[in-house]
Amino acid sequence: MNCSKIMDLVYEYSGDDMPIIYQIQVGLHAFFCSACARQMETLEQARTILSEDFFVPSPNLEDSIMSRIAIEEECASALDETEEIFASPAWLSTRNWVIAGLIIMVCLATTFFGLEYQNLANETGKSFLLPIGITIGIVLTTYGALFIGSHLKELSQRFGL
């Protein structure tokens, strides 16, 4: 047999589990091949070291690991509860936001029909339209930003973003 087949047998069987015929073949090969004999000796030393208590048992290690796992699970459950609290409160429902948006739009549109607006517009002229336009723009932009920010998860799921 060649060296690779002998070493395969040595790796496959550990110590006394090897059949007697293989033990004879391995022993004869090791007698004539010094390289395989060194490898078998190194492997036997490694098996001896690993079969003994190579790693010192540490009972405190298990306790510290399990306590950290418990703390991690508590933090994860607390995070889930926090996400549920802030997920979608009733006052942030889409229906309430749409109703509030319609009320804002009606108020902004009816501002131009009041008697006070007509008197003010006549006195100041067209220069009064710029502050009114800026105010309407700020109100609508703020409303839109708050709506999108409070419904980001729902909107991203709905539009696949």
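Anything mentioned here points back to the structure above.
Everything numeric in this text was worked out from a predicted model, so none of it was measured. (Residues numbered from 1 in each chain as written. Predicted model: local features only at pLDDT ≥ 70, side-chain atom pairs only at ≥ 80, totals over all residues. Heavy atoms only, no water.)

Peer 1: Hey, could you run me through the overall build of the protein in this one?
Peer 2: Scanning the protein for helices and strands turns up eight helices and zero strands. Beginning at the N terminus, the succession of helices and strands in the protein can be written as α-α-α-α-α-α-α-α. Every one of the 161 residues in the protein was classed for burial, and the buried ones make up 12%. Long-range pairs, those at least 24 residues apart, make up 58% of the contacts in the protein with a sequence separation of at least 6. Surface summary for the protein: the accessible area is close to 13100 Å², and the carbon and sulfur share equals 65%. (Helix = DSSP H or I, 4+ residues; strand = E, 2+ residues; numbered from the N terminus. Buried < 20%, exposed > 50% of the residue type's maximum accessible area, 1.4 Å probe, protein only. Contact = heavy atoms within 4.5 Å. Areas by Shrake-Rupley, 256 points an atom, 1.4 Å probe, with all protein chains shown as cover.)

Peer 1: Hey, could you run me through the nonpolar core in this one?
Peer 2: Soluble globular proteins tend to pack their nonpolar side chains together in the buried interior. Core analysis: the largest hydrophobic core is formed by 10 residues, namely Ile6, Met7, Leu9, Val10, Met18, Val26, Cys33, Cys36, Met40 and Leu43. Those elements that provide at least two residues to this core are α1 (3-12) and α3 (34-51). Take this core: its biggest share by element is four residues, from α1. (Core = buried A, V, L, I, M, F, W, Y, C linked by side-chain atoms within 4.5 Å.)

Peer 1: Hey, could you run me through the packing of aromatic side chains in this one?
Peer 2: With the rule as written, the count across this model stands at three aromatic pairs. Taking 5.3 Å as the distance between ring centres and 45° as the angle between the ring planes, the aromatic pair formed by Trp97 and Tyr143 counts as tilted. Taken as a pair, Trp97 in helix α5 (residues 94-110) and Tyr143 in helix α7 (residues 129-150) lie far apart in primary sequence, 46 residues in all. What makes Trp97 buried here is its relative accessible area of 12%. The rings of Trp97, Tyr143 and Phe147 are connected pair by pair, giving a single aromatic cluster. (Phe/Tyr/Trp six-rings, centres within 6.5 Å; stacked < 30°, edge-to-face > 60°.)

Peer 1: Explain the environment of His29 to me, please; I cannot follow it from the model alone.
Peer 2: By secondary structure assignment, the location of His29 is in helix α2 (residues 20-32). Sequence separation between His29 and Asn2 is 27 residues, and the spatial gap between their C-alpha atoms is 8.5 Å. When residues no more than four places from it in sequence are discounted, the contact partners of His29 are Met1, Asn2, Cys3, Ile6 and Cys36.

Peer 1: Whenever I open this one, α3 confuses me. Can you help?
Peer 2: Residues three or four positions apart in an α-helix share a direction because the helix packs 3.6 residues into each turn. The end-to-end C-alpha separation of α3 is 25 Å, in line with the 26 Å expected for 18 residues at 1.5 Å each. For α3, the set of buried residues is Cys36, Met40 and Leu43. Down the axis of α3, the buried set is contained in an arc of 65°. They therefore lie on one face. Structural note: α3 exposes Ser34 and Arg38 on the side pointing more than 90 degrees away from its buried face. Residues of α3 that are buried make contact with α1 and α2. (Expected span 1.5 Å × (residues − 1). Arc of directions from axis to C-beta.)

Peer 1: In this structure, what is going on with the packing of α5 against α7? I would like to understand it.
Peer 2: Following both chains from N to C, one finds α5 and α7 inclined at 175°, their axes separated by 11 Å at the closest point. The angle between α5 and α7 places the two elements in the roughly antiparallel class. For the pair α5 and α7, the contacting residues are Thr94, Trp97, Val98, Ala100, Gly101, Ile104, Met105 and Leu108 in the first and Ile136, Val139, Leu140, Tyr143, Leu146, Phe147 and Ser150 in the second. Per-class residue counts for the contact of α5 with α7 are 12 nonpolar, three polar and no charged. (Axes fitted to C-alpha atoms, helices over the stretch in contact; angles between N-to-C directions. Parallel < 35°, antiparallel > 145°, perpendicular 65-115°, else oblique. Nonpolar A, V, L, I, M, F, W, Y, C, P; charged D, E, K, R; others polar.)

The values reported here are purely geometric and, on their own, carry no functional implication.
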